[in-house]
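Survey of secondary and tertiary structure
Each chain, letter by letter, is given below.
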Amino acid sequence: VLLAHDTMRVGFVLGREGAEERDAAWLDSSLLTDLSTDGRTLLFTEFGEGGGALYGGYVRPADGGPAERLGDGLATALSPDGRRVLAITTAEPRGLVVLPTGPGAAEKVDTAPVSVPAWASFFPDGKRILLFGSEPEKGLRLYRLDGTRGGARPISPEGVDARFPGGAVSPDGALVAAAADDGSVLLCPVDGSPVRRLHGAPAGLVPVRWSGDGRSLLGFVRDVASARLLRVDAATGVATQVRELKPSDPAGIVGVATARTTPDGRTWIYSWARLLSELYVAEGLR
């Protein structure tokens, strides 16, 4: 009998201009979810054996210091001041909470009328929340939440794919760029004005962050075992490749799951998934 033993690991690497990329993961399944604007703090979720049955949200200095577990759940975003983290609880009933990165207690967020939150991030003001989820019997879409006490208002049509990383908010907080199910990019005004498509943008672009001046988008397009980090003109959709996201050891890489970058694109980080197999031959089985 030919037997196969498969080992899956998820990790991430950090890169800076002028330096070699380096492994910045923590335990066996480290999924990168956010990078601070200054590139100094990493946010990630451990969802393998090390993370436990309910997962675990962690912050870690980008310089390689020890990671700190903040609490259970899928950690999705750092606040602009770095003092809070949004996390989706994995225990039923699932919900959204705010975890402090220092002293303090977790705060539950009322996401009504959204019953199933799938991802969340902060607006640049650190007060409003960009929520990705769905209402009962409806499809996934983006919502604006002006606090922690409910009243989420939709800002996109249904059919948006905003997981990993959940949509990119412009520096002035007025516009959200998100990927649609058909591979196009939607520009969604937060005030409820009509949504438009970013014509000319590469198919499959995942918006990550706006540039500091709000004139371009940084995003990535997945390839088979790597991804391309692109800078896209927000007016014309014309894309310029910034760099290729590909681990130095490509053995077993099956894809790039998430990517983040600073507004200037000089610091970047991305999660990869690696599947390695060992084959055995068993003889004389009865």
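Everything that follows concerns the structure shown earlier in this document.
Residues numbered from 1 in each chain as written. Predicted model: local features only at pLDDT ≥ 70, side-chain atom pairs only at ≥ 80, totals over all residues. Heavy atoms only, no water.

Tracing the sequence through the fold places Asp125 in the loop between strand 11 (116-122) and strand 12 (129-134). Separated by 100 residues in sequence, Asp125 and Ala25 have C-alpha atoms that sit 29 Å apart. Separated by 2.9 Å, the side chains of Asp125 and Arg128 make a polar contact. (Helix = DSSP H or I, 4+ residues; strand = E, 2+ residues; numbered from the N terminus. Polar contact = N/O pair within 3.5 Å; in protein donor to acceptor, adjacent residues only side chain to side chain.)

Topologically, Ser29 is positioned in the loop between strand 2 (22-23) and strand 3 (30-35). A residue is classified by how much of its surface remains accessible, and Ser29, at 7% relative accessible area, is buried. For Ser29 and Met8, which are 21 residues apart along the polypeptide, the C-alpha to C-alpha distance reads 8.3 Å. Those residues within four positions of Ser29 in sequence are excluded, and the remaining contacts are Val10, Thr45, Glu46, Phe47 and Gly48. (Buried < 20%, exposed > 50% of the residue type's maximum accessible area, 1.4 Å probe, protein only. Contact = heavy atoms within 4.5 Å.)

Turning to the pattern of salt bridges, a few remarks are in order. Tallying each qualifying case throughout the model produces eleven salt bridges. Linking Arg243 and Glu17 is a salt bridge whose minimum nitrogen-to-oxygen distance equals 3.8 Å. Placement of the pair is Arg243 in strand 23 (residues 239-245) and Glu17 in the loop between strand 1 (2-16) and strand 2, with a sequence separation of 226 residues. Classification of Glu17 as partly exposed rests on a relative accessible area of 48%. Between Arg197 and Asp182 there is a salt bridge; the shortest N-O distance is 3.3 Å. On the criterion of sequence distance, the pair formed by Arg197 in strand 19 (residues 196-197) and Asp182 in the loop between strand 17 (175-180) and strand 18 (185-189) is long-range, its members being 15 residues apart. Because the salt bridges share partners, they merge into one network encompassing Glu17, Arg243 and Arg266. (Salt bridge = Lys/Arg side-chain N within 4 Å of Asp/Glu carboxyl O.)

What follows covers unusual backbone geometry. For the bond from Glu92 to Pro93, the omega torsion is -5°, close enough to zero to count as cis. By the secondary structure assignment, Pro93 is in the loop between strand 8 (84-88) and strand 9 (96-100). Here the bond from Ala112 into Pro113 is cis, since omega is 5°, no more than 30 degrees from zero. At Tyr55, a residue that is not glycine, the phi angle is positive and equals roughly 65°. Phi at Glu137 is positive, roughly 65°, even though this residue is not glycine.

Evaluation of the coordinates by the stated rule reveals three aromatic pairs. A connected cluster of aromatic rings, assembled from ring pairs, spans Phe12, Phe44 and Tyr58. Across from the ring centre of Phe123, 4.4 Å away, lies the NZ or CZ of Arg128, which sits over that ring. Over the ring of Trp272 we find Arg274; its NZ or CZ atom is 4.7 Å from the centre of that ring. (Phe/Tyr/Trp six-rings, centres within 6.5 Å; stacked < 30°, edge-to-face > 60°. Lys NZ or Arg CZ within 6 Å of the ring centre and 35° of its normal.)

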